[in-house]
Amino acid sequence: MDDVLTETPPPSRFFDDDLDNFAIASPPLPSPFLLLNPNPKPNLLIVAISPLSRSILHHLPSKTLFGSLFLPEIALSGNPLVPSANDKSFNLYSAGNQNTCLASVQYNVSPERSRAVAKCLIGGVKPDQVVIFDCIKSQNYRGRIEVDETLAFKLETKQQRLDKGNLSVSGVDYLPSGSVMDGLGAVILTESQMKGIKGTLVATWPENGGIEVLKMVFKNFGFDVGRIEGGVSKVTSRADLDLYI
Amino acid sequence: MEFAAEEGKSFSSDSHTLLLPALSIGNVGQLAIDLLISSLRATKVGYLDEPSVLPCVGNDAFAPVPQGDLSLSLEAYESPMHGLALIQQRSPIIKGMMVSFARNMAEFIHSIGKKHVLVLSSLDSGRRKQIDASSDLQIYYVSSVSDDGSNPDCENLGWKKLDEYDSSQRRWKYLDSLAGGVSPADEELLTDEEELTESGYYASMPFSALFSCLKAQGLKVTCLLCYCSEGDNISDSFQLAHAACKFVGLNPEKFHGNEGGWMIPFSWKSVYGPPPDMSLF
């Protein structure tokens, strides 16, 4: 039975089709593919999924477009010849002195397609380290969450946690136990964990919040973010949750 | 289905029985597996990567003070001292891929040498035909030991065989064909009318796909089932986990020598979200 207020069921509930062995699967889609020129071998792959991280990436100086990831079902009509922050694209840029690949995910990747996209990206770029910027979804966060409060958390692969080197995301707490991240960011981190790659997922709330954390992380990885303006918002990185009494 | 073992870890030959949740109303099977992993202090053996499972990641669900140990959609745990392996599933299956998932899972379990699988699942109370005073506490089962699904060991524990399991019914036979990798002939294709039968409904549930596919791999499989409604299903998970322990001969009070008792997973502190905002009142 659908939730009476909205079609989306609460996180613990299933639609009938979710539990039906005989539900009809969607027709298979062609695999995503990467076009790269030249083929990179970056040390670091930064994947910007959240709108604010994409905006920061777009304003970073001295980056060079070298490739794009295509999902056959995403129409490219309407995209300008020159990449923009608002077109429907998944462009890859080389930047930084540390051999970095920047990926800006500017179209919606459905959860069902995200695994194929992640494998295509990681398999094609073959980074030594991955940093993903994504947003917390309210239905996946088990603590109290206010729209006017900024939160920032991280999740790391085992390889990243064991590496105490300089290129890591510091000053951000781990996502509280019980809350989850899903979608493309989650599966890129999953793929990194399975492949033994150093990986970090930085999750912020709300969609346009956490600019100071994002700028701090970009700066830590050698990017000049001094000229990027944005609302200065006090970032709370807390793991305390209101608990049932 | 790919498997990535934690460094230095592998499945032990001492863990001959594997426990597995089936997606179901109230997520009871998954909650029961969480409770068992926590209480048995099972250790993580590795991660499973399956195309049909939607992705999710989170912090460690069990440690009293989570240190950032990553949790993924499908994970394998083991407690060799109790002779048990466990697989936990934290996210749904892509629509239409349940049988594919069950086939891949069964092939994996067969490949790691497990002989007996316990599938934990719940059933919708709204589908129950008879309700009596003990209905809420009754455990039902389906077993591969005999063709009609019955098992004397389960009967001796006071459990009832699920009456709606009928291996001769079209939907169950259709499922067995799919589990065996055989494409049913056109005349065997299902009709909507069959879904209206109770037996047809139960054959459509995820635990049935796992049951059929595990049987097809030659594994001994027992499904433990309890009826519940959607809501706070923690107590249902205790009931199912307790039943699993009874079946494998474990006493929850003595999980670790003279110590034991259920250990609530740390992540359950927020399983249903935060309490209501009291400033409203």
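What comes next is a walk through the structure.

Here is what the cut-offs are and how they apply
- Residues numbered from 1 in each chain as written.
- Chains lettered and ligands numbered in written order.
- Predicted model: local features only at pLDDT ≥ 70, side-chain atom pairs only at ≥ 80, totals over all residues.
- Heavy atoms only, no water.
- Helix = DSSP H or I, 4+ residues; strand = E, 2+ residues; numbered from the N terminus.
- Buried < 20%, exposed > 50% of the residue type's maximum accessible area, 1.4 Å probe, protein only.
- Contact = heavy atoms within 4.5 Å.
- Areas by Shrake-Rupley, 256 points an atom, 1.4 Å probe, with all protein chains shown as cover.
- Salt bridge = Lys/Arg side-chain N within 4 Å of Asp/Glu carboxyl O.
- Pairing = 2+ DSSP bridges.
- Polar contact = N/O pair within 3.5 Å; in protein donor to acceptor, adjacent residues only side chain to side chain.
- Axes fitted to C-alpha atoms, helices over the stretch in contact; angles between N-to-C directions.
- Parallel < 35°, antiparallel > 145°, perpendicular 65-115°, else oblique.
- Left-handed = near helix turned anticlockwise from the far one by under 90°.
- Phe/Tyr/Trp six-rings, centres within 6.5 Å; stacked < 30°, edge-to-face > 60°.
- Lys NZ or Arg CZ within 6 Å of the ring centre and 35° of its normal.
- Expected span 1.5 Å × (residues − 1).

**Digging into the overall build of chain A**
Within chain A one finds five helices and 10 strands. Classification of the 245 residues of chain A by burial places 49% in the buried group. Across chain A, every contact between residues at least 6 apart in sequence was considered, and the portion connecting residues at least 24 apart equals 77%. Summed over its atoms, the accessible surface of chain A is roughly 11900 Å², and 53% of this surface lies on carbon and sulfur atoms.

**Section: the pattern of salt bridges**
Per the stated rule, a full pass over the model turns up 16 salt bridges over all chains. For Arg113(A), the salt bridge goes to Glu73(A), with nearest N and O atoms at 2.7 Å. You can see Arg113(A) sitting in helix H2 (residues 111–125) and its partner Glu73(A) sitting in the loop between strand E3 (63–70) and strand E4 (90–95), a full 40 residues away along the chain. Between Asp163(A) and Lys198(A) there is a salt bridge; the shortest N-O distance is 2.8 Å. Here Lys198(A) lies in strand E9 (residues 198–205) and Asp163(A) lies in the loop between helix H3 (158–162) and strand E8 (180–182), a separation of 35 residues in the sequence. According to the relative accessible area criterion, Asp163(A) is partly exposed, its value standing at 26%. Connected through shared salt-bridge partners, Arg115(A), Lys119(A), Glu191(A), Lys195(A), Glu2(B) and Asp49(B) make up one network.

**Thoughts on the pairing of strand E2 (residues 44–48) of chain A**
All names here are of chain A. For E2, the tally of buried residues reaches five of five residues, placing the bulk of the element in the interior. Direction of pairing for E2 relative to strand E5 (residues 100–105): parallel, over a ladder of five bridges. Bridge pairing in E5 places Leu-45 opposite Cys-101. One ladder, built from five bridges, connects E2 with strand E6 (residues 129–135); its direction is parallel.

**Structural notes on the interface of chain A and chain B**
The partner chain B presents 56 residues to the 48 residues of chain A that form the contact. Counting every contact that joins chain A to chain B gives five salt bridges. Note that Lys119(A) is salt-bridged to Asp49(B), the shortest N-O span being 3.1 Å. Between chain A and chain B we count 11 residue pairs in polar contact (both at pLDDT 80 or more) in total. Secondary structure elements with two or more residues in the side of chain A that touches chain B: H2, strand E7 (150–156), H3, E8 and helix H4 (184–194) of chain A.

**Brief notes about the environment of Lys254(B)**
Among the secondary structure elements, Lys254(B) is positioned in the segment after helix H8 (234–248). Separated by 202 residues in the primary sequence, Lys254(B) and Ser52(B) have C-alpha atoms spaced 38 Å apart.

**Details of the pairing of E6(A)**
Along E6(A), seven of the seven residues are buried, which leaves the element largely enclosed by surrounding structure. Side chains Gln129(A), Val131(A), Phe133(A) and Cys135(A) of E6(A) all project onto a buried face; the interleaved residues Val130(A), Ile132(A) and Asp134(A) project onto the opposite face, where all are buried too.

**Quick word on the packing of helix H1 (residues 51–59) of chain A against helix H5 (residues 211–220) of chain A**
All names here are of chain A. Packing of H1 against H5 leaves a shortest axis separation of 10 Å and a crossing angle of 45 degrees. The orientation of H1 with respect to H5, classified from their angle, is oblique. Seen from above, H1 lies across H5 with right-handed handedness. Contact residues: H1 offers Leu-52, Ser-53 and Ile-56, while H5 offers Ile-211, Leu-214, Lys-215 and Phe-218.

**Focus: the side chain of Ser204(B)**
Within the fold, Ser204(B) resides in the loop between helix H6 (198–203) and helix H7 (206–216). When its relative accessible area of 6% is taken as the criterion, Ser204(B) is described as buried. Those residues in contact with Ser204(B), other than ones at most four positions away along the chain, are Leu19(A), Asp20(A), Asn21(A), Phe22(A) and Arg171(B).

**What about the packing of aromatic side chains?**
Inspection of the entire model under this criterion finds 18 aromatic pairs over all chains. Each ring, one from Phe33(A) and one from Phe70(A), has its centre 5.3 Å from the other, and the planes form 25 degrees; the classification is stacked. Of this pair, Phe33(A) sits in strand E1 (residues 33–36) while Phe70(A) sits in strand E3; the two residues are 37 residues apart in sequence, bridging distant segments of the chain. Relative accessible area serves as the criterion here: at 21%, Phe70(A) is assigned to the partly exposed category. Aromatic pair Tyr141(A) and Phe153(A): ring centres 5.9 Å apart, planes at 25 degrees, arrangement stacked. A residue pair is termed long-range when its members are at least 10 positions apart, and Tyr141(A) in the loop between E6 and E7 and Phe153(A) in strand E7 qualify at 12 residues. For Phe153(A), a relative accessible area of 0% gives the class buried. Joined through ring pairs, the aromatic side chains of Phe238(B), Phe255(B), Trp262(B) and Trp268(B) make up one cluster. Against the face of Tyr174(A) rests Lys154(A), its NZ or CZ located 5.1 Å from the ring centre.

**With respect to H2(A)**
All names here are of chain A. Helix length check: H2, at 15 residues, gives a terminal C-alpha distance of 21 Å against a target of 21 Å (1.5 Å per residue), a fit within 8%. Burial in H2 covers these residues: Arg-113, Ser-114, Arg-115, Val-117, Ala-118, Cys-120, Leu-121, Ile-122 and Val-125. Positioned one or two residues after H2, Lys-126 has a phi angle of 55 degrees, which is positive.

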